[in-house]
Each structure stands twice: as structure tokens, then as C-alpha cells.
Amino acid sequence: MKQTVHFGAGNIGRGFIGALFSQSGYHVTFVDIADQVINMLNEKKQYQVKLATDKHESMTIDNVSGLNNMTQDNEVIEAIKHATYLTTAIGPNILPRIAPLIAKGLTERVNSNAEKLYVIACENQISATDLLKGYIFEHLDEETTSKLADKVFFFNSAVDRIVPIQNNQGSLDVLVEPYYEWVVETRETIPSIEGMTIVSDLAPFIERKLFTVNTGHAVIAYLGYLKNKSTIDQALADEEIVKQVQATLGETGAYLIKQYGLNQDEHQQYINKIINRFKNPYLNDGVTRVGRSPLRKLGPNDRLVRPATEAKKAGLGFTNLAKAIASALLFDYQGDEEAVKLQALIKDNGIPAMLKEVSGLDENSEITREIVNQYNAIKK
Ligand SMILES: NC(=O)C1=CN([C@@H]2O[C@H](COP(=O)(O)OP(=O)(O)OC[C@H]3O[C@@H](n4cnc5c(N)ncnc54)[C@H](O)[C@@H]3O)[C@@H](O)[C@H]2O)C=CC1
Ligand SMILES: O=P(O)(O)OC[C@H]1O[C@](O)(CO)[C@@H](O)[C@@H]1O
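Quick notes on the rules
Residues numbered from 1 in each chain as written. Chains lettered and ligands numbered in written order. Predicted model: local features only at pLDDT ≥ 70, side-chain atom pairs only at ≥ 80, totals over all residues. Heavy atoms only, no water. UniProt positions renumbered as here; feature names shortened; annotations may be inferred. Helix = DSSP H or I, 4+ residues; strand = E, 2+ residues; numbered from the N terminus. Rg over C-alpha atoms; globule rule 2.2 N^0.38 Å. Buried < 20%, exposed > 50% of the residue type's maximum accessible area, 1.4 Å probe, protein only. Contact = heavy atoms within 4.5 Å. Areas by Shrake-Rupley, 256 points an atom, 1.4 Å probe, with all protein chains shown as cover. Domains from an automatic or database assignment. Buried area = accessible area lost by both parts, 1.4 Å probe. Salt bridge = Lys/Arg side-chain N within 4 Å of Asp/Glu carboxyl O. Near = heavy atom within 4 Å. Polar contact = N/O pair within 3.5 Å; in protein donor to acceptor, adjacent residues only side chain to side chain. Nonpolar A, V, L, I, M, F, W, Y, C, P; charged D, E, K, R; others polar. pLDDT = per-residue confidence, 0-100. Axes fitted to C-alpha atoms, helices over the stretch in contact; angles between N-to-C directions. Parallel < 35°, antiparallel > 145°, perpendicular 65-115°, else oblique. Left-handed = near helix turned anticlockwise from the far one by under 90°. Phe/Tyr/Trp six-rings, centres within 6.5 Å; stacked < 30°, edge-to-face > 60°. Pairing = 2+ DSSP bridges.

Looking at an unreviewed UniProt entry, one finds the protein chain named Mannitol-1-phosphate 5-dehydrogenase and attributed to Neobacillus ginsengisoli. Quoted verbatim from the Catalytic activity (unreviewed entry) field of the UniProt record, the comment on the protein chain reads "D-mannitol 1-phosphate + NAD(+) = beta-D-fructose 6-phosphate + NADH + H(+)".

Below is the structure:
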């Protein structure tokens, strides 16, 4: 049986990427630090992926096992030696932490296995696999790096499926929305995986996804949080929030249409479809999950700041994106480490300096000034 190694046995790992590999006839070795999940994978050897619909359809995912990367280095290295794919869905900030072990696995693999290995990071981040590759290469010597050239391939990808936090402690089952899209950039012919779409240029796909699904979701989460809504569908029952999401996605849409020559009507349909996905009442998706890690989400290349800077460059409007950024700055959820740090940065340094440090925006830029105006208006 073909083997794949997947880092991150969380929501996307079990509910999306690992499930597709299992359905494509692979044995999936999940690697994670969560002992309870790893033990359950090894005991039960299967779990259910349940669809968030009125019919509650479910499918069995089998041929799965687990390894703990903190305590089972050798077993992880062994698994990497025999895998056809190595994927991650672990969070972009965690990639540097798993890179040393992957580097050890690749070093042993290239000396013992001539088969090709395909590495794909499945994270909400532009060029996540390139980033992972960079971290891995920091731990490789020159000889190994050159051996890797025609044996280990790194492909960027875009992943789209809403998988909320699961309210089922002690179970491996995962509730997911029915929709999914996994787009992988490569010109190689690679072993086919059910549900994987191959493209030669990922940029339009990942930007369209990140600046529509993720920008829209973030706007709803931050505005919903400010209005004391607990879930995304509850936030979308508020007409003002709906209007604000539409206005913001109008701005990202204008940039995407101009940049990639998209058809305006088709893009509007894409936006409408996504807002309907967000309304799914069976997902029960918390605003604090969707708004999690605001420092990452306020990064220069992420879902809020990049469309604003790109829109500005293209001579397009960015007022609603500035309002979205301002609402993110008011995310003060104490259960989120980054939200706590964000509030401390704002308190200690003020918004312009914080935006310079976190978002790479000049303190006197037009975007920064607009964000500060919007922030003050929301606070009133
Ligand atoms: N949940 C969703 O709807 C979507 C998430 N994504 C992306 O997928 C990635 C994963 O997100 P989720 O699955 O939602 O998160 P999650 O928190 O459910 O899963 C992450 C997993 O990584 C594990 N982990 C953390 N640190 C680790 C370490 N040092 N070594 C090994 N394992 C470690 C955690 O124990 C957890 O099981 C993120 O980049 C996210 O942006 C992308 C699309 C949709
Ligand atoms: O996973 P992140 O980057 O923290 O952001 C959460 C967002 O990503 C998703 O997981 C889907 O792409 C959404 O649920 C939400 O927009």
C-alpha cells in the first residue's frame, strides 16, 4: 500500500487532507504532538468524517495511524523514508518547528530510496511550501541538498474547506462542510489523489481564495466579536455585518478582477457562494476560531493587509479593508495569545508603530491613516 505522512492530525489534517489520501488508497501516518489523538488513531485505526448538512452524511476514513514527533523521531524518519507524499496542516507558525525532523527524514531517505517524494504544505498562507522548504534546507548539508534535487519536490497549494473546532473531546470524528477545494501547483505528473486539482500557476487561485474566503471570514469574525456574536452564522444574521462583508469583498474583488482578468459576474457568484457557505448553521463555527492569531492575519502578505496595499497600488478603493483591519485591531479575546500580544503592542506603541512592526505599513501611509480613522470611528 502507498504511504503518506501528514504533519498535524487536527481539523484539516483528519477532516480534509488525510481523508482524501485515505480515500485514494493510501495509508496515512499522522504526526502530531497531541498524545490523545495519536493514541486513538493507533487504537481505533479509523474515524468518521461527518458532513455539516441536514442529512448528516458521514464517511469512514481508515488505514490511518499516528506518531508523536516529540517522542518518536526515529519512527517519523522511517515513515518519511517510505512515503510518496509528505503534507502538513499544522499552522504556518509551526512549520519552522517541524523542519529539523523533516530534514533528518529527507537526509536518510535520499540515501535509501530512489522514489520521488512530494512535499505540500496545506496552510492558509501564500507560498507556505516554499517557506517550509526554506526552513528544511537550513538543516541540510550541501551534499544532501544536491541529492534532493531530482527526488524531493516541493509544491505550493491552496486549501479550502471550513472545519470548525470539534465539540467531541475523546473522539477522532470530524465535522466538516461538504465543500472543498485543494489546488496544487506543479508541472510534474504526480500520483493522482482524489480531490486534488493540479494547476501550473497557483497565484490566481490562492489569492482569489485567501482574499475572498479568508478576508470575508475574518471580517465577519472581527465584526461579530465586536457585536458579541459567538458564531459566524449568528454574525451573518446581522444585516450591517453582511453589508460590510459585501463591501469589503467588493474591494478585494475589484483588485482580483483587475489583476487576474477575472469575469466580474463569475467573481460575484463566487463571492455569493462563499457567503452562503459561511451561513451554514450546522457548522457552529466560533468567531474566536475564525479570528484566531490576529498578528498572523495582520501580516503584510495575509488576507487583510495585502489586498489593501495591492488595491492602493492599483488605484482602487481600500476604505472597507481599512475598516476590516481596524476591527481586527479591536480583537481582544483573552483566550488568544496573539490577541493579547496585539493589544499590548497597541497600548505600548500606538497603532501606527504597531502596524509598521506587524503589517509592514509605513507610519504615515494613507492606509495607516485610514485604519486609524476607522479604528477611532468604531471605538466611539
Ligand atoms: N480549519 C479550517 O477550516 C482550515 C484551516 N486551514 C489551515 O490548516 C492549518 C491547520 O488548521 P486546523 O486544522 O484548523 O488546526 P488544528 O489546530 O485543528 O490542527 C493543527 C494540529 O497541529 C498540531 N500541532 C501543533 N503544533 C505541533 C507541532 N509542533 N508538531 C506536531 N503537531 C503540532 C496540533 O496538535 C493540531 O492537532 C492552518 O494553517 C490553517 O490555516 C486551511 C483551510 C481551512
Ligand atoms: O485557519 P486560519 O488561517 O486561522 O483562518 C481561519 C480561516 O481559514 C479557514 O479555516 C478556511 O479557509 C476558515 O475557516 C477561516 O477563514
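(A) Seen up close, the overall build of the protein chain. Along its length, the protein chain carries 17 helices and twelve strands. Over its C-alpha trace the protein chain gives a radius of gyration of 21 Å, about what one expects of a compact globule, namely 21 Å for 380 residues. In terms of its C-alpha atoms, the protein chain occupies a principal-axis envelope of roughly 60 × 50 × 45 Å. When each of the 380 residues of the protein chain is scored for burial, the buried share is 54%. The long-range share in the protein chain, meaning contacts at least 24 apart out of those at least 6 apart in sequence, stands at 72%. Surface accessibility of the protein chain: about 16,500 Å² in total, with carbon and sulfur atoms responsible for 45%.

(B) Region of interest: the side chain of Asn-69. Note that Asn-69 resides in the loop between strand S5 (64–68) and helix H3 (73–82). When sequence neighbours within four positions are dropped, the list of residues in contact with Asn-69 reads Val-31, Asp-32, Ile-33, Val-76, Ile-98 and Leu-101.

(C) Expanded view of the domain arrangement of the protein chain. Under the domain assignment used here, the protein chain contains domain 1 (2–201) and domain 2 (204–379). If you look at the interface, domain 1 gives 28 residues, while domain 2 gives 26 residues. On the domain 1 side of the contact with domain 2, Asn-124, Ile-126 and Ile-162 bury the most area, a combined 29% of that side's loss. Where domain 1 meets domain 2, there are two salt bridges. Where the side of domain 1 that touches domain 2 is concerned, the elements lending two or more residues are strand S9 (157–160), strand S10 (174–176) and strand S11 (181–185). For the side of domain 1 that touches domain 2, the leading source of residues is S9, giving four residues.

(D) Structural view of the site of ligand 2. Close to ligand 2 lie Asn-124, Lys-209, Asn-214, His-217, Arg-289, Val-290, Arg-292, Arg-296, Lys-297 and Arg-303. One nitrogen or oxygen atom from the side chain of Asn-124 is found 2.7 Å from an oxygen atom belonging to ligand 2. The side chain of Arg-303 places a nitrogen or oxygen atom 2.9 Å from an oxygen atom of ligand 2. Elements represented by at least two residues in the shell around ligand 2 include exactly helix H7 (203–226), helix H11 (287–290) and helix H12 (294–297). Considering every element that reaches the shell around ligand 2, the biggest residue donor is H7, with three residues. Split into classes, the residues belonging to the shell around ligand 2 amount to one nonpolar, three polar and six charged.

(E) Region of the structure containing the environment of Asp-201. Locating Asp-201 in the fold gives a position in the loop between strand S12 (196–199) and H7. The sequence separation of Asp-201 and Met-70 amounts to 131 residues, and the corresponding C-alpha distance is 36 Å. One polar contact links the side chain of Asp-201 to the main-chain amide nitrogen of Ala-203, over a distance of 3.2 Å.

(F) Main features of the confidence of the model for the protein chain. When pLDDT is averaged across the protein chain, the result is 97; 100% of the residues are at 70 or more. Per the prediction output, this complex has pTM 0.95; the corresponding ipTM is 0.97.

(G) Just the packing of helix H9 (residues 239–260) against helix H14 (residues 319–329), in detail. Running from N to C, H9 and H14 point in directions that differ by 120°, and their axes come no closer than 8 Å. If you check the angle between H9 and H14, you find them oblique. At the point where H9 passes H14, the crossing takes the left-handed sense. In this structure, H9 contributes Gln-244, Ala-247, Thr-248, Glu-251 and Thr-252 to the contact, and H14 contributes Thr-319, Asn-320, Leu-321, Lys-323 and Ala-324. Grouping the constituent residues of the contact of H9 with H14 by class yields three nonpolar, five polar and two charged.

(H) The arrangement of the site of ligand 1 in detail. Not every one of the 23 residues close to ligand 1 is listed here, only the nearest: Ile-12, Asp-32, Asn-69, Glu-123 and Val-163. Between an oxygen atom of ligand 1 and a main-chain N or O atom of Asn-11, the distance comes to 2.9 Å. Relative to its unbound accessible surface of 820 Å², ligand 1 loses 84% to contact with the protein. Of the residues that constitute the shell around ligand 1, the class distribution is twelve nonpolar, six polar and five charged.

(I) Quick look at the packing of aromatic side chains. All chains considered together, the criterion is met by 15 aromatic pairs. Considering the side-chain rings of Phe-211 and Tyr-255, the 6.4 Å spacing of their centres and the 50° angle between planes classify their relative orientation as tilted. Separated by 44 residues along the polypeptide, Phe-211 in helix H7 and Tyr-255 in helix H9 bring together distant segments of the chain. Connected via pairs of aromatic rings, a cluster forms that spans Phe-21, Tyr-26, Tyr-85, Tyr-118, Phe-153, Phe-155 and Trp-182.

(J) Local environment of the sheet that holds strand S2 (residues 26–32). If you trace the six strands from one edge of the open sheet to the other, you get S5-S2-S1-S6-S7-S8, paired in parallel fashion. Whereas interior strands pair on both sides, the edge strands pair on one side only; in this sheet they are S5 and strand S8 (152–155). Direction aside, neighbouring strands of the sheet carry axes that sit 20° apart on average. The sheet contacts of helix H1 (residues 11–23) involve strand S1 (2–7), S2 and strand S6 (85–88), and relative to S2 the element is tilted by about 150°. Packed on one face of the sheet, helix H2 (residues 35–44) meets S2 and S5 and runs near 145° to S5.

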